[in-house]
Amino acid sequence: MNVPVLARVIEAAGIPTVTVTMMPLFAERALLSRTVGVPFPFGQAFGPVGDDGAHRTVAETAVALVETATGPGARVDVELEWPVDLKTAYRAWQPPEPSPIVKTMLDALRAARREEAQPPDS
Amino acid sequence: MVVDSFRYLPRSFVPLYEQRTYDFDAPVWTPLDRPVREATFGLLTSAGVYLRDRQEPFDLERERAEPTWGDPSLRVIPADATESDVDVAHLHINTKPIRRDLDVALPLRTFRRLAEDGVIGALASEHYSVMGFQEPGLEVWVNETGPEIAARCHNADIDVLVLAPA
């Protein structure tokens, strides 16, 4: 969600950019110049480990979009499938423990639930 | 195929992200002034990649102490870096795949082959790594890190920058 802001700064400074992202909706909302959408889990924008073919397909899609785009808002989505099922891939991209901000949010949620579950003071 | 931007998000996060917008009212656009087969390409990842023996990792200890803060600094990665040269500091993704194959996030090997095959002009001599979790305002990225990357791109004769959010 934050990299589109960085892309805007760099493009505005005169460097053509292309953003390869699993969240292309937000690249569009940020009004980026060129976006390649990839149907891949977080952390692996160019494809699975060791899959040189997928990496090349994504890279070539980005290069081709740079060549063909004639104005801002250009977007191409890559037609590749992740090699494992969604449930497995969803678990696999997650960090081994919740990030600090997620842990803080979960702790607050649990505290609110505990408070709701307690009977009111008499 | 239209990529579903929420496919891999935890369901409880989806309503938060669906509401997220930006305040920009105009697009950005810089045309490329030459064919891609003559252009030098640079790469940027937000996966928190850094050179293990030559650079400080992104500051995860401060993020653990201040959960809304993210290290906004920049690491410059040379074109010949491989998995054996780098490590990954990022608390929001599983970093093991990147340690096994740097190309999943920073595809230096792939773009080098594109240059060797004449698809692009050249792979730049330097590339860029940031850590994607940032403070909501992104002030340092907008006012310092982004301009620093742009200046480095100009100095390194980079014609196109490929950004890959983690």
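Undergrad: Hey, could you run me through the overall build of chain B in this one?
TA: Of the regular secondary structure elements, chain B holds 5 helices and 7 strands. Reading chain B from its N end, one meets helices and strands in the order α-β-β-α-β-β-α-α-β-β-α-β. In summary, chain B has a C-alpha radius of gyration of 17 Å against a globular reference of 15 Å for 166 residues, a match within 12%. With the C-alpha coordinates aligned to their principal axes, the bounding extent of chain B is approximately 45 × 40 × 35 Å.

Undergrad: What should I look at first to understand the packing of helix α1 (residues 3–12) of chain A against helix α5 (residues 139–155) of chain B in this one?
TA: Packed helices, taken two at a time, are described by the angle between their axes plus the distance between the axes. Following both chains from N to C, one finds α1(A) and α5(B) inclined at 50 degrees, their axes separated by 9 Å at the closest point. Put simply, α1(A) runs oblique to α5(B). Both α1(A) and α5(B) take part in a crossing whose hand is right-handed. For the pair α1(A) and α5(B), contact is made by V5(A), L6(A), V9(A) and I10(A) and by W141(B), V142(B), G146(B), P147(B), I149(B), A150(B) and C153(B), respectively.

Undergrad: I would appreciate a short explanation of the nonpolar core in the present structure.
TA: A general tendency of soluble globular proteins is for nonpolar side chains to be buried together. Judged by nonpolar contacts, the single largest core of 73 residues is most densely connected at V20(A), A105(B) and V162(B). Ranked by residue count, the leading element in this core is helix α3 (residues 52–68) of chain A, at 6 residues. When near neighbours in sequence (up to four residues on either side) are disregarded, V20(A) contacts V36(A), V38(A), A45(A), F46(A), V58(A), A62(A), V162(B) and A164(B).

Undergrad: What's the story with the interface of chain A and chain B in this structure? I'm lost.
TA: Quite often, the size of an interface is put as the accessible area lost when its parts meet. If you look at the interface, chain A gives 65 residues, while chain B gives 61 residues. Within the residue set of the side of chain A that touches chain B, elements represented by two or more residues are α1, β1 (17–21), α2 (24–29), α3, α4 (86–93) and α5 (100–117) of chain A. Broken down by element, the side of chain A that touches chain B gets its largest block of residues, 9 residues, from α1(A). Partitioning the side of chain A that touches chain B into residue classes produces 40 nonpolar, 17 polar and 8 charged. Bridge count between β1(A) and strand β7 (residues 160–164) of chain B: 3 bridges; the pairing is parallel. Looking at the pairing, T19(A) lines up with L163(B) of β7(B).

Reading guide: rules and limits
Residue numbering note: each chain is counted from 1, following its sequence as written. The lettering of chains begins at A and the numbering of ligands begins at 1, in the order of writing. This being a predicted model, a pLDDT of at least 70 is required before a residue's local features are given, and a value of 80 or more before pairs of side-chain atoms are given or counted; all residues contribute to the totals for chains, interfaces and linings. A run of DSSP states H or I qualifies as a helix once it reaches four residues; a run of E qualifies as a strand once it reaches two. Both are numbered from the N-terminal end. Throughout, the radius of gyration refers to the C-alpha atoms, and the reference size of a globule is 2.2 Å times the residue count to the power 0.38. Interaxial angle, 0 to 180 degrees, is taken between N-to-C directions of lines fitted to C-alpha atoms, where a helix line uses only the stretch in contact. An angle counts as roughly parallel when it lies under 35 degrees, as roughly antiparallel when it exceeds 145, as roughly perpendicular when it falls between 65 and 115, and as oblique in every other case. In a left-handed crossing the near helix is turned counterclockwise from the far helix by less than a right angle, and in a right-handed crossing that turn is clockwise. By definition, residues are in contact whenever their C-beta atoms, placed on the basis of the backbone, come within 7 Å of each other. Here a nonpolar core is just a set of buried residues of the types Ala, Val, Leu, Ile, Met, Phe, Trp, Tyr and Cys, joined wherever their C-beta atoms sit within 7 Å. In this scheme the burial state of a residue depends on its C-beta neighbours within 10 Å: 20 or more other such atoms mean buried, 12 or fewer mean exposed, and anything in between means partly exposed; the C-beta positions come from the backbone. Gly counts as polar in this scheme, as do all residues outside two lists: the nonpolar Ala, Val, Leu, Ile, Met, Phe, Trp, Tyr, Cys and Pro, and the charged Asp, Glu, Lys and Arg. Strand pairing is assigned whenever DSSP identifies at least 2 bridges connecting the two strands.

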